[in-house]
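Residues per chain are reported as follows:
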Amino acid sequence: MANSINILIEKLRKDQSPDGSWNYPFETGITTDAYMIILLRTLEINDEVLIQDLSERLLSKQKANGAWKLFHDEEDGNLSATVEAYYALLYGGLYKKSDTRLRAAKRFIVSKGGLEKTGMFTQVLLTLTGQMKWPALFPFPIEIILLPMSFPLNFFSFSVFGRANLTPIMILANRRFRIKTAKSPDLNDLFIDDAQQRFSFQREEWRSLFSILEQGMKSLAGMPEKLHKKAIKRAKQYMLERIEPDGTLYSYFSCTFLMIFALLSLGHQKSDPLILHAVRGLKLMRCEINGFTHMQYTTANVWNTSLIGMALQEAGVSSSDPMIKKANQYLLKRQQFKYGDWAVQNPNTLPGGWGFSDVNTINPDVDDTTASLRSIAGRVPKSTTYLQAWERGIHWLFSMQNKDGGWPAFEKNTNSKLLQLLPIEKGEFLLADPSSADLTGRTLEFLGSYTNLSKNSSAVWSGMEWLLKNQEKNGSWYGRWGICYIYGTWGALTGLKAAGADASHPSIKKAVAWLRSIQNEDGGWGESCRSDIAKTYVPLGTSTLTHTAWALDALISVADRPSAKMKKAVEFLLVNLNKKDWTTDYPKGQGMAGGLYIHYHSYRYIFPLLALAHYRKKFNAE
């Protein structure tokens, strides 16, 4: 075991970047690759090398039946992803409809119901690039941005991720903006029903909600035309005020892409410096994976670095080691000191959190903050600078606890029940930011393991009560940001134990029994992304390094001595640390169920290292 831990440590030492961070890829399938091709062609930016590189990656991911998948075991393919890839390959201009691979893709698309059956974001893409038409009535009037905070449903009822994506969409829908170029392909042959060549919403509840919003609009003082202009101006201002130094909106690909089109709809030229700066920012997100160019949805440098710094120190690397010192100096520079949207619901707190990407300056989150604080903890007693960062981060973290006792990701108390009425596909992921088991558990684990906070603290008790209330009937917890029930259960169990819960507590015993019941014969664990879609645990059918590490670490946290199942899990990790197959590339994170799955290239090193280090430390194992 000691040898394997040392191998992992040296691998991470070798992979550290000169600035102290770890910039392992944040891989999110093929959607961003396709969108980048479409964006470049729409803006008539003839970056032929990038277009060719991205086209090659798209084709490398196509399956034998012509489809593209979001994850390995996604039945026969994903319609929206296939449409996006097909569209991008045609728009790139390197491949024609007569190409054998594109003909296969077309057959798949038609067999699944055509363009009208694609998801909401794909239909937005198709609409604003001239392949579909806007609906006669868009359910989000732009004037919603003017509604006061006192109104039951207002602009800041949405999560920051929801606002960042909806704001440009509302501008585009209001302008009914569509743009084609001389190179735009014709996708009319992918519609099954000619009458359905219009952006459509799949739910009807929005009509009653629209009435509620209309009442709110009538309560605003001013003439409709004047209010409309004011709303457009404020929506544009909202975007521009949240552009990061690299030119992107919040450093997210999707909302930056949409912002560029919104600016075009407002009269900006394709050559406008704002637009070109945003494109350059997106280009900075490209990385290389297995010899192919991939456009990352964002970068994950802070997340990678904080987790790796913590795991290395748990494995015995000193906080004085040059590798850790460089990592923590990087993290110190990434602590945020600006007021972002989080302050709207939390106005009486100083900034002090950490964000996810290398360029975040105004969008901190709870998970990155606890992870970064874990990494710098060893330096706090030795440095006034680190102590000040620590105190500011802790203060911000406490202030972010929700009224229900749990912790959200980005904003507190942003989970209105009215959001459930909105006609947005995957709206619970896009628009809400509720308490979650993974974030609440990891926050409790940090407070219990890294601070001297009393176990009788009201914040701790409230967090524990939220977890106990939100346990699934089978003993697991749902993890909102990972895959999925194994992830949530790991976060909850380690959090409850660190917060002072006894291992004999019925909830803990039930969770342990569930983890043991789903262990595979080879000693590992594996969970399908389909769990996230089905809202119930779905086994992957094989074991993965990361899922095994999460489950093992959870069991270690509540055990007095190693069980036979735990020993078998350790053996699985030791034997498979160098494994390289589809299971090591399988997504372990998600951002939007059924739409965005994330392969963190760092996880195969971080979590096995963490679990093995904890096992060795707790049980004196060698």
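Everything here concerns the structure above.
Definitions and cut-offs
Residues numbered from 1 in each chain as written. Predicted model: local features only at pLDDT ≥ 70, side-chain atom pairs only at ≥ 80, totals over all residues. Heavy atoms only, no water. Disulfide = S-S within 2.5 Å. Helix = DSSP H or I, 4+ residues; strand = E, 2+ residues; numbered from the N terminus. Expected span 1.5 Å × (residues − 1). Contact = heavy atoms within 4.5 Å. Buried < 20%, exposed > 50% of the residue type's maximum accessible area, 1.4 Å probe, protein only. Core = buried A, V, L, I, M, F, W, Y, C linked by side-chain atoms within 4.5 Å. Phe/Tyr/Trp six-rings, centres within 6.5 Å; stacked < 30°, edge-to-face > 60°. Pairing = 2+ DSSP bridges. Polar contact = N/O pair within 3.5 Å; in protein donor to acceptor, adjacent residues only side chain to side chain. Salt bridge = Lys/Arg side-chain N within 4 Å of Asp/Glu carboxyl O.

### Observations concerning the state of the cysteines
Argument step 1. As enumerated under the stated definition, the model contains 0 disulfides in all.
Argument step 2. A disulfide-free cysteine, C287 has its sulfur positioned 18 Å from the sulfur of C255, the nearest such atom.

### Brief notes about helix 5 (residues 100–111)
Argument step 1. With 12 residues, helix 5 should reach 16 Å at 1.5 Å per residue; the first-to-last C-alpha distance of 17 Å fits that figure.
Argument step 2. Contacts made by the buried residues of helix 5 are with helix 4 (79–92).
Argument step 3. Downstream of helix 5 by one or two residues, G113 has phi in the positive range, about 105°.

### Topic: helix 10 (residues 253–265)
Within an α-helix, residues lying three or four positions from one another point in the same direction, as the helix has 3.6 residues per turn.
Argument step 1. Helix length check: helix 10, at 13 residues, gives a terminal C-alpha distance of 19 Å against a target of 18 Å (1.5 Å per residue), a fit within 8%.
Argument step 2. Counting buried residues along helix 10, 13 of its 13 residues qualify, which places the element largely inside the surrounding structure.
Argument step 3. Remark: G267 follows helix 10 within two positions and exhibits a positive phi of approximately 105°.

### Description of the nonpolar core
Argument step 1. Core analysis: the largest hydrophobic core is formed by 205 residues, its most contacted members being M36, L39, F261, V279, L312, F607 and L609.
Argument step 2. Here this core gets 11 residues from one element, more than from any other, and that element is helix 25 (residues 603–619).
Argument step 3. When neighbours within four sequence positions are excluded, M36 is seen to be in contact with L50, L54, F253, V279, L282, K283 and M295.

### A few points about the packing of aromatic side chains
Argument step 1. Under the defined criterion, the tally for this structure stands at 32 aromatic pairs.
Argument step 2. Ring centres of Y87 and Y91 lie 5.8 Å apart, and the angle between their planes is 15°; on these two criteria the pair is classed as stacked. Within this pair, Y87 and its partner Y91 are both found in helix 4, separated by 4 residues, close to a single helical turn. As far as burial versus exposure is concerned, Y87 and Y91 are alike and both buried.
Argument step 3. With 4.9 Å between their ring centres and 90° between their planes, Y603 and F607 make a pair best called edge-to-face. Note that Y603 and F607 are positioned in helix 25 at a spacing of 4 residues, about one turn of the helix. Considered together, Y603 and F607 belong to a single accessibility category, that of buried residues.

### Section: the environment of S251
Argument step 1. Here S251 is to be found in the loop between helix 9 (224–240) and helix 10.
Argument step 2. Sequence separation between S251 and D358 is 107 residues; the distance between their C-alpha atoms is 8.8 Å.
Argument step 3. Apart from the residues lying within four places of it in its own chain, the contact partners of S251 are E244, M285, Y297, T298, S357, V359 and N360.

### Some thoughts on the sheet that holds strand 1 (residues 26–27)
Argument step 1. Taken in spatial order, the 3 strands of this open sheet run 1-7-6, and their pairing is antiparallel. Here the strands that pair on one side only, and so sit at the sheet edges, are strand 1 and strand 6 (589–592).

### Notes on the side chain of S435
Argument step 1. The topology assignment puts S435 in the loop between helix 16 (427–430) and helix 17 (437–450).
Argument step 2. Relative accessible area serves as the criterion here: at 10%, S435 is assigned to the buried category.
Argument step 3. A polar atom in the side chain of S435 sits 2.9 Å from the side chain of N402.
Argument step 4. Here D404 takes part through its side chain, which lies 2.7 Å from a polar atom of the side chain of S435.
Argument step 5. Residue contacts for S435: discarding those within four places in its chain leaves N402, D404, G406, W407, P408, T440 and W466.

### Focus on the pattern of salt bridges
Charged atoms that come close allow side chains of opposite charge to pair.
Argument step 1. What the rule picks out here adds up to 24 salt bridges.
Argument step 2. Between D15 and K11 there is a salt bridge, and its shortest N-O distance comes to 3.1 Å. Of the two residues, D15 and K11 are both situated in helix 1 (residues 2–15); the distance of 4 residues between them amounts to about one turn of the helix.
Argument step 3. Judged by its relative accessible area of 18%, D15 is buried.
Argument step 4. Here K11 falls in the partly exposed class, since its relative accessible area comes to 28%.
Argument step 5. D585 serves as the salt-bridge partner of K580, at 3.0 Å between the closest nitrogen and oxygen.
Argument step 6. The structure contains a network of salt bridges with shared partners spanning R163, E241, R242, D341 and E411.

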